Amino acid sequence: DDDDDDDADPTTTRRAPENDDDDAAPRDHADDDLAALQIGARVVAKTSATTGDGIDNLLAQIDSALSAMNAPVRALVPFTKGHLLSEIYKTGTVLHLEHLEAGTRVKARVPTPLRAKLLPFAIDDDDDDD
């Protein structure tokens, strides 16, 4: 029976049961089902493994939470310390980057241990328009 084969296939899409109440106005539950519910300091993001709905919202929330755990830093990294820039790209978020004669000026959010490595190169950069 072909129906038995469909049951074994994890990629098979199943249709939800139809509403028997034809007089009821159809209701779009998308906003209810995909809304992020804030509970104290935690955020719950509803997603659908079947349709993929809500995945972009979930990824954005994860990115935001990880970024918030990082500390801001502004530094002029000498070209001889390029490995620090690689680490910024790997573990942090680059907000602005500019190559200068003395090195690379970077504005980023990085994990605390990396921020400590960058402190010797920290600059006071009041230019907030980048």
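Before going into details, it helps to say that this report is about the structure given with it.

### Digging into the overall build of the protein
Okay, step 1: In terms of helices and strands, the protein carries five helices and five strands.
Okay, step 2: Tracing the protein from N to C terminus, the helices and strands come up as α-α-β-β-α-β-α-β-β-α.
Okay, step 3: A burial count over the protein gives 18% of its 130 residues as buried.
Okay, step 4: Counted over contacts in the protein with a minimum sequence separation of 6, partners at least 24 positions apart contribute 47%.

### Brief notes about the side chain of Ser 48
Okay, step 1: With respect to the helices and strands, the residue Ser 48 is situated in the loop between β2 (42-45) and α3 (55-68).
Okay, step 2: You can call Ser 48 buried: its relative accessible area is 19%.
Okay, step 3: In terms of polar contacts, Ser 48 uses its side chain to reach the backbone amide nitrogen of Thr 50, at 3.3 Å.

### Digging into the sheet that holds strand β3 (residues 71-77)
Okay, step 1: The three strands are arranged β3-β5-β4 in an open sheet whose pairing can be described as antiparallel. A strand with exactly one partner marks an edge of an open sheet, and here the two such strands are β3 and β4 (93-99). Across the sheet, the mean angle from the axis of one strand to that of its neighbour is 10°, orientation sign disregarded.
Okay, step 2: Pairing between β4 and strand β5 (residues 104-110): six bridges, direction antiparallel. Bridge pairing in β5 links Glu 98 to Arg 105.

### Observations regarding a nonpolar patch on the surface
Okay, step 1: Taken together, Ile 55, Leu 59, Ile 62, Leu 66 and Met 69 make up a surface patch of nonpolar side chains, about 470 Å² in accessible area.
Okay, step 2: Its place among the elements puts Met 69 in the loop between α3 and β3.
Okay, step 3: On the basis of relative accessibility, which here comes to 60%, the residue Met 69 falls in the exposed class.

### Some thoughts on the nonpolar core
Okay, step 1: Judged by nonpolar contacts, Val 73, Ala 75, Val 77, Leu 84, Leu 85, Ile 88, Val 106, Ala 108, Val 110, Leu 114, Leu 118 and Phe 121 together constitute the single largest core of twelve residues.
Okay, step 2: Every element with two or more residues in this core is listed here: β3, α4 (82-91), β5 and α5 (112-118).
Okay, step 3: Each residue touching Val 106, except ones within four places of it in the same chain, is listed here: Val 73, Arg 74, Ala 75, Val 77, Leu 85, Ile 88, Val 94, His 96 and Leu 97.

### Some points on the pairing of β5
Okay, step 1: Counting buried residues in β5 gives six out of seven residues, a clear majority hidden from the surface.
Okay, step 2: Where β3 meets β5, seven bridges bridge the pair, whose relative direction is antiparallel. Paired with Ala 75 across the two strands is Val 106, which belongs to β5.

How each quantity is defined
- Per chain, residues are indexed from 1 in the order of the written sequence.
- Whole-chain, interface and lining totals are the exception, using all residues; otherwise, since this is a predicted model, local features are given only for residues with pLDDT of at least 70 and side-chain atom pairs are given and counted only at 80 or more.
- Side-chain measures were taken over the full set of non-hydrogen atoms in the model, leaving aside hydrogen atoms and water.
- Helix and strand labels come from DSSP, where a helix needs a run of H or I of at least four residues and a strand needs a run of E of at least two; each type is numbered from the N terminus.
- For each residue, the accessible area found with a 1.4 Å probe, counting protein chains only, is set against the maximum for its type, and the residue is called buried under 20%, exposed over 50%, and partly exposed in between.
- Note on definitions: a residue-residue contact is assigned when non-hydrogen atoms from the two residues lie within 4.5 Å.
- Counting of polar contacts relies on pairs of N or O atoms within 3.5 Å, with two restrictions inside protein: one atom must be capable of donating a hydrogen and the other of accepting it, and residues adjacent in sequence are counted only when both atoms are side-chain atoms.
- DSSP calls a pair of strands paired once it identifies at least 2 bridges connecting them.
- Every angle, taken between N-to-C directions, lies between 0 and 180 degrees, and every axis is a line fitted to C-alpha atoms, over only the stretch in contact when it is a helix.
- In this analysis, a patch consists of residues with relative accessible area above 30% that form no salt bridge, clustered at 9 Å for like charges and at 5 Å for the nonpolar side chains Val, Leu, Ile, Met, Phe, Trp and Tyr.
- In these tables, accessible area is a Shrake-Rupley quantity obtained with a 1.4 Å probe, and a residue counts as shielded only by the protein chains included in the view.
- Take a side-chain nitrogen of Lys or Arg and a carboxyl oxygen of Asp or Glu: if they are within 4 Å of each other, that pair is a salt bridge.
- To define a nonpolar core, start from buried Ala, Val, Leu, Ile, Met, Phe, Trp, Tyr and Cys residues and group those joined through side-chain atoms within 4.5 Å.

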